[in-house]
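# Close look at the chain arrangement
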Amino acid sequence: MASSLTKDSVRPGTPGSEKTFFGHPRGLATLFMTEMWERFSYYGMRALLPLYLVAPGGLHLNAGTATAIYSVYVSLVYLLALPGGWFADRVLGPRKTVAVAGLIIMLGHLCLALPVAASFFVGLGLVAIGSGLLKANISTMVGHLYKGPEDPRRDGGFTLFYIGINVGAFVAPLVIGTVGENVNWHLGFALAALGMALGLAQYLLGGRHLSAKSSEVPTPLTADEKSATLRKGLIWLAVAAVFYGVVGGTGHFTLNWALIPLTLIGLIVPILVITRIHRDKDLSADERSKVSAYVWFFVAAAVFWMIYDQGGSTLSLFAEKSAKNSIFGWDFPVSWYQSVNPVMIMALAPVFAWLWLWLNRRGQEPSTIVKFASGLVLIGASFFLFLAPLSVAEGGHKAAAMWLVAIYFVQTIGELTLSPVGLSVTTKMAPKKYASQMMGVWFLAVTAGDSLTALMSNPAIGGVNLDKMGYVGLEAVLAGVAVWVYRKKVNKLMGDVH
């Protein structure tokens, strides 16, 4: 960590007034380390999750149920980012909310570390809730460290923060995955709890370097609003308790059917949110037109994430049973595949940033629609590539590890083509009234995509063996072609956004 002393007229303790973190406010180091450890715990546990669900020494579930559980869990993490942002804005403020989130995540991992099935599912729920609370607010706190959007250090600060995410995601499967697979599953989950504990400890110790703005509650609830919110929350809790009580009491309760309401919520909520925004009478005709165009991007992104996130479930389960997980005679745990994407992101993201600028200077940078279509075609192509190791496995042989590495490589290229562009176009096309909320809407595309995967793979509904069919990849390519075919219509709806 590089640091230097700076002179400022501000009182000591104010962000940026003492030591700097690579030229950035000292508080960035606190948030960098918090996010790195949180991602370490999250991605480490996520790498173990599908493997533990199917393992004889784990819950020993079938692959369809394991994929459905994994997909519902990931969808909830992103769905809960919306109420997580609301909670900080109306109740605790970002700084306290992140502290509470860290504690909930740590407790969730500790529940996962207990060798009890009921405790395991409680732990999954706690980690999802905590991740939603943290994800929505820690990026906001990074922004608070700078003097508005015009601060020249702002983009660089978020870049450093993004590196922290990928460092945590890269190291986690190598450490937590190895211990979980080779030593003890629950010890692996306990390591995830330790990682979050370290992140929470340094967050609390380094809190003095954070901006005072992060402690503010922007729009606190009134007494009447608090009562109404509590009442609605208790009503919905009662509805859920009655529903599952009746299902269980009549002997119809199964794990697969229990997942269905959560899956439907992940599909219905995004539709309701976008519909409410589109129908808002306060929007101008131009803003409503942009929201109409944004729906195309949202659907495209949902299809993309539906396939992309199967890298942690479908591909991982295939590797566990049908791949030769070794390179040059050296065997490695299946969970290590989950480190491939983050290391590729760190290597290739600067290349893509340079490429777009180079093409722009030559007047050849692809439009947003072309980039989106390319991302979809690439994610579809990754699953067509998946057909090669599938055919090897069907022949009774183990597929080479490099086939899977190649699939993750193509998916990473697709991610870099679509994901950053999606974040950018979301900010550009957001109506003024929903400038902040639209970033949460973008995350709902992940929720919708993973909910679709859960719906298809759940044995109670679809029961599709996603590692046996190429139609998911075909649909992705067709979706990319559809975006390309309608590019003129969408361009017209986008107005001055290109």
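A brief look at the structure comes next. (Residues numbered from 1 in each chain as written. Predicted model: local features only at pLDDT ≥ 70, side-chain atom pairs only at ≥ 80, totals over all residues. Heavy atoms only, no water.)

Time to look at the nonpolar core. Counting residues in hydrophobic clusters, the biggest one holds 94 residues, and the most contacted among them are M45, Y73, F120, Y337 and L404. The element that contributes the greatest number of residues to this core is helix α10 (residues 285–308), accounting for 14 residues. One finds F32, V98, I104 and Y203 within the second-largest nonpolar core, a separate group that totals 25 residues. (Core = buried A, V, L, I, M, F, W, Y, C linked by side-chain atoms within 4.5 Å. Buried < 20%, exposed > 50% of the residue type's maximum accessible area, 1.4 Å probe, protein only. Helix = DSSP H or I, 4+ residues; strand = E, 2+ residues; numbered from the N terminus.)

Estimates place the volume of the second largest pocket at around 250 Å³. Lining the second largest pocket we find 13 residues, and of these P270, I271, I274, F298 and V299 sit closest to its centre. If you list the elements that add at least two residues to the lining of the second largest pocket, you get α9 (255–278), α10 and α15 (437–457). Per-element accounting of the lining of the second largest pocket gives the leading share, 6 residues, to α9. Its residues placed into classes, the lining of the second largest pocket shows 11 nonpolar, 2 polar and no charged. (1 Å grid on protein atoms, 1.4 Å probe; cavity = no way out; pocket = protein on both sides within 12 Å on 5 of 7 lines; lining within 4 Å. Points joined across faces, edges and corners; volume = space filled by probe spheres on them. Nonpolar A, V, L, I, M, F, W, Y, C, P; charged D, E, K, R; others polar.)

Moving on, we come to the packing of helix α1 (residues 27–54) against helix α7 (residues 185–205). Viewed as axis vectors pointing N to C, α1 and α7 meet at an angle of 165°, and their least axial separation amounts to 8 Å. With respect to their mutual orientation, α1 and α7 come out roughly antiparallel. Between α1 and α7 lies a crossing of left-handed hand. Tallied by class, the residues present in the contact of α1 with α7 amount to 16 nonpolar, 8 polar and 1 charged. (Axes fitted to C-alpha atoms, helices over the stretch in contact; angles between N-to-C directions. Parallel < 35°, antiparallel > 145°, perpendicular 65-115°, else oblique. Left-handed = near helix turned anticlockwise from the far one by under 90°.)

A few words on α1. Taking 1.5 Å of rise per residue, 28 residues should cover 40 Å, and α1 covers 42 Å from first to last C-alpha, within 8% of that figure. The largest bend in α1 amounts to roughly 30° and is located at L48, with the proline P50 lying one to four residues further along. (Expected span 1.5 Å × (residues − 1). Bend = angle between axes of the 7 residues up to and from the residue.)

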